[in-house]
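Overview (structure and organization)
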Amino acid sequence: QVQLVESGGGLVQPGGSLRLSCTASGSIFSISIMGWYRQAPGKQRELVAAIISGGSTNYADSVKGRFTISRDNAKNSVYLQMNSLKSEDTAVYYCNAEISERRGWVPYDYWGQGTQVTVSS
């Protein structure tokens, strides 16, 4: 069984920084895309940033220039460095990964449990 475990959320003042981490464990053959989504109260879940195994990245316009996504393929981990945080970044952040458990298997979407990020003075 594959699991994604996140860490690094918390309370930070506007303008501050946080680093989120997510590690996948279990039966893993390959991981194609890893990413971070967020969901604020009363809003739909939205893509924050994604990174493919080769390193190409994609960011939501609202976080470009402030957030950086990276991954360590050897550790099956993805990270999100968040700088210049704003109150509107407050949300539950979810790790997501497309994982194949065996060679030739269709990749399946896995989600972490979510970590709260609160930006407030």
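Structure's up top.
Residues numbered from 1 in each chain as written. Predicted model: local features only at pLDDT ≥ 70, side-chain atom pairs only at ≥ 80, totals over all residues. Heavy atoms only, no water.

**Points about the state of the cysteines**
Here is the rule: In plain terms, two cysteine sulfur atoms within 2.5 Å form what is called a disulfide here. In DSSP terms, a helix is any run of H or I states spanning at least four residues, a strand is any run of E spanning at least two, and both are numbered starting from the N terminus. Note on exposure labels: buried denotes an accessible area under 20% of the residue type's maximum, exposed denotes more than 50%, and partly exposed covers the range between, all computed with a 1.4 Å probe on protein chains only.
Following the criterion strictly, the structure yields one disulfide and no others. With its sulfur 2.1 Å from that of its partner, Cys22 forms a disulfide with Cys95. On the sign convention where negative means left-handed, the S-S torsion of about -80° between Cys22 and Cys95 marks this disulfide as left-handed. Separated by 73 residues along the polypeptide, Cys22 in strand β3 (residues 18–25) and Cys95 in strand β9 (residues 91–100) bring together distant segments of the chain. For the pair formed by Cys22 and Cys95, the shared burial category is buried.

**Some details on the sheet that holds β3**
Here is the rule we go by: Strand pairing requires that DSSP identify at least two bridges connecting the strands. Geometry is summarised by axes, namely lines fitted to C-alpha atoms with helices restricted to the contacting stretch, and by angles between N-to-C directions that run from 0 to 180 degrees.
Pairing is antiparallel in the open sheet, where four strands are placed in the order β1-β3-β8-β7. A single partner strand is all that each edge strand has here, and the edge strands are β1 (3–7) and β7 (67–72). Each adjacent strand pair in this sheet contributes to an overall mean axis angle of 15°, direction not counted.

**Brief notes about the nonpolar core**
We apply this condition: Here, the term nonpolar core denotes a set of buried Ala, Val, Leu, Ile, Met, Phe, Trp, Tyr and Cys residues that are joined through side-chain atoms within 4.5 Å.
Judged by nonpolar contacts, the single largest core of 31 residues is most densely connected at Trp36, Leu80, Met82 and Tyr93. Here this core gets five residues from one element, more than from any other, and that element is β9.

**A few points about the environment of Tyr93**
Formally: Polar contact is the term for a pair of N or O atoms within 3.5 Å; when the atoms are in protein, one must be able to donate a hydrogen and the other to accept it, and sequence-neighboring residues count only if both atoms are side-chain atoms.
Tracing the sequence through the fold places Tyr93 in strand β9. The spatial distance from the C-alpha of Tyr93 to the C-alpha of Arg38 is 4.2 Å, given a sequence separation of 55 residues. Within polar-contact distance, the side chain of Tyr93 engages the side chain of Arg38 at 2.9 Å.

**Examining the pairing of β1**
Two faces make up the sheet, and in a regular strand the side chains alternate between them. The alternating pattern of β1 places Leu4 and Glu6 on a buried face and Gln3, Val5 and Ser7 on a face that is not buried. Relative to β3, β1 runs antiparallel, the two sharing five bridges. What sits directly across from Leu4, in β3, is Ala24.

**Section: unusual backbone geometry**
Look at Asn76: it is not a glycine, yet its phi comes out positive at around 55°. Mapping Asn76 onto the fold places it in the loop between β7 and β8 (77–82). The backbone of Ser84 shows a phi angle near 50°, a positive value even though the residue is not glycine. One can find Ser84 in the loop between β8 and β9. Since its relative accessible area comes to 40%, Ser84 is described here as partly exposed.

**Let's talk about the pattern of salt bridges**
Inclusion rule: Should a side-chain nitrogen of Lys or Arg be within 4 Å of a carboxyl oxygen of Asp or Glu, the pair is scored as a salt bridge.
All chains considered together, the criterion is met by four salt bridges. The shortest N-O distance in the salt bridge between Lys64 and Asp61 comes to 3.1 Å. For Asp61, a relative accessible area of 64% gives the class exposed. A single network of salt bridges, built from pairs that share partners, joins Arg38, Glu46, Arg66 and Asp89.

From the geometry alone we can't say anything about function, so treat these as descriptive.
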